[in-house]
Amino acid sequence: MIDIFLLMFLVIFSIYSIHTEDLLSSVIVLSAFSFVMTIVWTRLNAVDVAFTEAAVGAGVSTIIFLSALSRTKRGEEKRVTKKINIYNLFAALIVIFTGSVLVYGTIDMPAFGDIEAPAYNVLAPRFIIGSMAELGIKNFVTSILASYRGYDTLGETTVIFTAGVSVVALLRRKGGT
Amino acid sequence: MLDLILSKYNYWISILLMMIGLYGMIAKNNLIKKIIGMNIFQVSVFLFYISMGKVRDGTAPIHWDRALIYDNPIPHVLILTAIVVSISTTAVALALIIRIYKNFQSIEEDQILKVLAREENKTDS
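Please read these numbers as outputs of a predicted model, since none were measured by experiment. (Residues numbered from 1 in each chain as written. Chains lettered and ligands numbered in written order. Predicted model: local features only at pLDDT ≥ 70, side-chain atom pairs only at ≥ 80, totals over all residues.)

*Asks:* Give a description of the interface of chain B and chain A that names residues and reports values.
*Replies:* Accessible area lost when the parts come together is the quantity often used to give the size of an interface. Taken residue by residue, the interface counts 65 residues in chain B and 73 residues in chain A. Where the side of chain B that touches chain A is concerned, the elements lending two or more residues are helix H1 (2–27), helix H2 (31–53) and helix H3 (73–104) of chain B. For the side of chain B that touches chain A, the element with the most residues is H3(B), which contributes 22 residues. The class makeup of the residues in the side of chain B that touches chain A is 42 nonpolar, 15 polar and 8 charged. (Contact = placed C-beta atoms within 7 Å. Helix = DSSP H or I, 4+ residues; strand = E, 2+ residues; numbered from the N terminus. Nonpolar A, V, L, I, M, F, W, Y, C, P; charged D, E, K, R; others polar.)

*Asks:* Summarise the confidence of the model for chain B; cite the residues concerned and give the values.
*Replies:* All names here are of chain B. Counting all residues, the mean pLDDT for chain B is 89, and 99% of those residues have values of 70 or more. The lowest-confidence element of chain B is helix H4 (residues 109–124), averaging 86 in pLDDT; the highest-confidence one is H2, averaging 92. In the model output, the complex is listed with pTM 0.90 alongside ipTM 0.89. (pLDDT = per-residue confidence, 0-100.)

*Asks:* Let's hear about the packing of helix H4 (residues 86–106) of chain A against H1(B): which residues, and what values?
*Replies:* Two elements in contact, H4(A) and H1(B), have axes separated by 9 Å at closest approach and are oriented at 160°. Considered as vectors, H4(A) and H1(B) are oriented roughly antiparallel to each other. Judged by the sense of rotation from one axis to the other, the crossing of H4(A) with H1(B) is right-handed. For the pair H4(A) and H1(B), the contacting residues are A:Asn88, A:Ala91, A:Ala92, A:Ile94, A:Val95, A:Thr98, A:Gly99, A:Leu102, A:Val103 and A:Thr106 in the first and B:Lys8, B:Tyr11, B:Trp12, B:Ile15, B:Met19, B:Leu22, B:Tyr23, B:Ile26 and B:Ala27 in the second. Classifying every residue of the contact of H4(A) with H1(B) by side-chain character gives 14 nonpolar, 4 polar and 1 charged. (Axes fitted to C-alpha atoms, helices over the stretch in contact; angles between N-to-C directions. Parallel < 35°, antiparallel > 145°, perpendicular 65-115°, else oblique. Left-handed = near helix turned anticlockwise from the far one by under 90°.)

In structure tokens, the structure reads:
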């Protein structure tokens, strides 16, 4: 039951965050959204993801958004056009179409928490058994992240490096260091 | 019908979040609002993946003597990577927005397009 309430909170926060015209409150609500997401992930037993979300989603990303806001403008411009314009209607149509196609796709999916799901039965037992036997690491997520899929993590590090370099290149002042 | 709802509501809520984020990306005129929409979109995809990794009565994927069954650790690993990638894209996008604001004094898409069209007309004539 509590899960449904948390998920409802997520929906309300995201709608408010998109809808409000004050960008600062939008960013703060996005941070609260990330925090509720952390609780959802703890409820789903994804503790490592919850850690990362609390640090990165609720912490670092809010700071980045706030620093970007401090260099630009706080308010969203009031729309002077009429309330329902054709562009927004078209966007809503596209979004509803995409959503209904995805919902149609989930009807065939294995149920939530189904142990017969293909995602659980091919690779996961191999990693769960191998983690203790081959590596001696108690946390399976760590052993997959650092050992079985180590190249993936190397690629992730490359992505962070590239992003950092491009942010520095974009925000560098001319003639400065 | 109730069975279907109970077994799929996690997926459907993540799809609903995805729709909200996608609407923000398409319909909003403010560039920072678009990035907020993108963030919500990304988080909805993460929720979808983690929901797929959940197993009924499973414990957290950490070795425990009394554990009968563990949750699937692979989606957790993929999403750990994806969270870091999502923060990278957000940072680069916001840096681009700051540059755009320096050049155009605006973060509203239609105003920027207007300025761009005016400049194009100038170079044509």
